[in-house]
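Each chain, written out:
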Amino acid sequence: MLAEPWFDVLLFGILGLAVGSFLNVVIHRLPQMMERQWQDEVEQSKGAEPAAREPFNLMVPRSRCPQCGHLIRWNENIPVLSYAILRGRCSACAAPISVRYPLVELGTALLFAYCAWHWGATTTALLWSGFSAAILALALIDWDTTLLPDDITLPLLWAGLVASTLQWTAVPLPAAIWGVVAGYVSLWLVYWAFKLITGKEGMGYGDFKLFAALGAWFGWPALVPIILMASVIGAVIGLAMKFSSGLREGGYVPFGPFLAGAGLTAMVFGPSSILRAIRL
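Residues numbered from 1 in each chain as written. Predicted model: local features only at pLDDT ≥ 70, side-chain atom pairs only at ≥ 80, totals over all residues. Heavy atoms only, no water.

**Student:** Could you clarify how one ought to interpret the overall build of the protein in this entry?
**Tutor:** Helix and strand counts for the protein stand at 10 helices and zero strands. Starting at the N terminus and ending at the C terminus, the protein contains elements arranged as α-α-α-α-α-α-α-α-α-α. Relative to the globule expectation of 19 Å for 280 residues, the C-alpha radius of gyration of the protein, 20 Å, shows essentially globular dimensions. Once the C-alpha set of the protein is aligned to its principal axes, its extents read approximately 65 × 55 × 45 Å. Counting across all 280 residues of the protein, residues that qualify as buried make up 39%. (Helix = DSSP H or I, 4+ residues; strand = E, 2+ residues; numbered from the N terminus. Rg over C-alpha atoms; globule rule 2.2 N^0.38 Å. Buried < 20%, exposed > 50% of the residue type's maximum accessible area, 1.4 Å probe, protein only.)

This is the structure we're talking about:
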């Protein structure tokens, strides 16, 4: 007997809560892991041995309060529920816990639930759920650090091509391959044109790879509406931050979160809806 559609949505939503909890760890720790790796590579390039450190990865050490060092117990790490019970504060020192943690968990749950509602309990739904999780993590890491880790962008790109090859998405393989090429090369050309004209770097290489990954998942015809939506949203938010004095030092706003937002919009509404939304 097939499961009811609402059960699939509920099951994917619960899975999304758990994945969202893990994404909070990825968003916080992955940039630190990259920084440690870079420091070790610098030391090795100087002929020195990297400094000995305690293991630090996505699994160890256990999560703890950054203020008092209190180890987070299992019952304090239940997605959303623990935050509500603790009223957004550490159980040991009462230091406030960022509301972003439950928001990431809820956001991931909603995206996973949408995938189940749209595609049912299928491999395609699982694939787009994974896409959503990766995109959300990239958006927040880039917003925090202006980094788009290869550890996420490259697997996302290859996953899009494999999914197209196995016909788990509606994008034909040639369109996916040319989406990768067009996505990377287009932003690479924009980068160098901007640098030659202004002498400054307008974006990073991670943006090229993320746009290429979106090309793999949506095909090359979707790249124009995606980049248009990302540019419009980025311009609006950038201007709002400028007038509210919210820009970070140097006045730089990372482009990755807007690419990610446009990618999620394309997943939910379709690339053609983006063009209609901006009246093109």
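**Student:** Would you take a moment to explain the environment of Thr 124 for this structure?
**Tutor:** As for its placement among the helices and strands, Thr 124 is situated in helix H4 (residues 123–145). Its relative accessible area of 18% is what places Thr 124 among the buried residues. Note: C-alpha distance between Thr 124 and Trp 178 (54 residues apart in sequence) is 21 Å. Not counting chain neighbours up to four residues away, the residues in contact with Thr 124 comprise Trp 119 and Trp 168. Among the polar contacts made by the side chain of Thr 124, one reaches the main-chain carbonyl oxygen of Trp 168 at a distance of 2.8 Å. (Contact = heavy atoms within 4.5 Å. Polar contact = N/O pair within 3.5 Å; in protein donor to acceptor, adjacent residues only side chain to side chain.)

**Student:** Mind showing me how you'd approach the packing of aromatic side chains here?
**Tutor:** Ring pairs (aromatic) are described by centroid distance and by the angle formed between their planes. Inspection of the entire model under this criterion finds 16 aromatic pairs. Plain terms: the ring middles of Phe 131 and Trp 217 are 5.0 Å apart, the flat faces sit at 50 degrees to each other, and that makes the pair tilted. Of this pair, Phe 131 sits in helix H4 while Trp 217 sits in helix H7 (residues 205–218), and the two are 86 residues apart along the sequence. Here Phe 131 and Trp 217 have matching classes, each one buried. (Phe/Tyr/Trp six-rings, centres within 6.5 Å; stacked < 30°, edge-to-face > 60°.)

**Student:** So what exactly am I meant to see when it comes to unusual backbone geometry here?
**Tutor:** With the exception of glycine, the majority of residues adopt a negative phi angle, and the majority of peptide bonds are in the trans configuration. The omega torsion across Val 60 and Pro 61 is 0 degrees, close enough to zero to call that bond cis. One non-glycine residue, Ala 94, lies in positive phi territory at about 65 degrees. Note on placement: Ala 94 falls in the loop between helix H2 (81–85) and helix H3 (100–119). Look at Ala 94 and you get partly exposed, because its relative accessible area is 39%. Backbone geometry places Gln 167, a non-glycine residue, at a positive phi of 60 degrees.

**Student:** Is there a simple way to explain the packing of H4 against H7 in this structure?
**Tutor:** A pair of packed helices is captured by two measures, namely the crossing angle of their axes and the spacing between those axes. Interhelical geometry of H4 versus H7 gives an angle of 165 degrees and a closest axis separation of 13 Å. The angle between H4 and H7 falls in the class roughly antiparallel. Crossing handedness for the pair H4 and H7: left-handed. Contacts from Leu 127, Trp 128, Phe 131, Ile 135, Leu 138 and Asp 142 of H4 reach H7 at Asp 207, Leu 210, Leu 214, Trp 217 and Phe 218. Taken together, the residues of the contact of H4 with H7 sort by class into nine nonpolar, no polar and two charged. (Axes fitted to C-alpha atoms, helices over the stretch in contact; angles between N-to-C directions. Parallel < 35°, antiparallel > 145°, perpendicular 65-115°, else oblique. Left-handed = near helix turned anticlockwise from the far one by under 90°. Nonpolar A, V, L, I, M, F, W, Y, C, P; charged D, E, K, R; others polar.)

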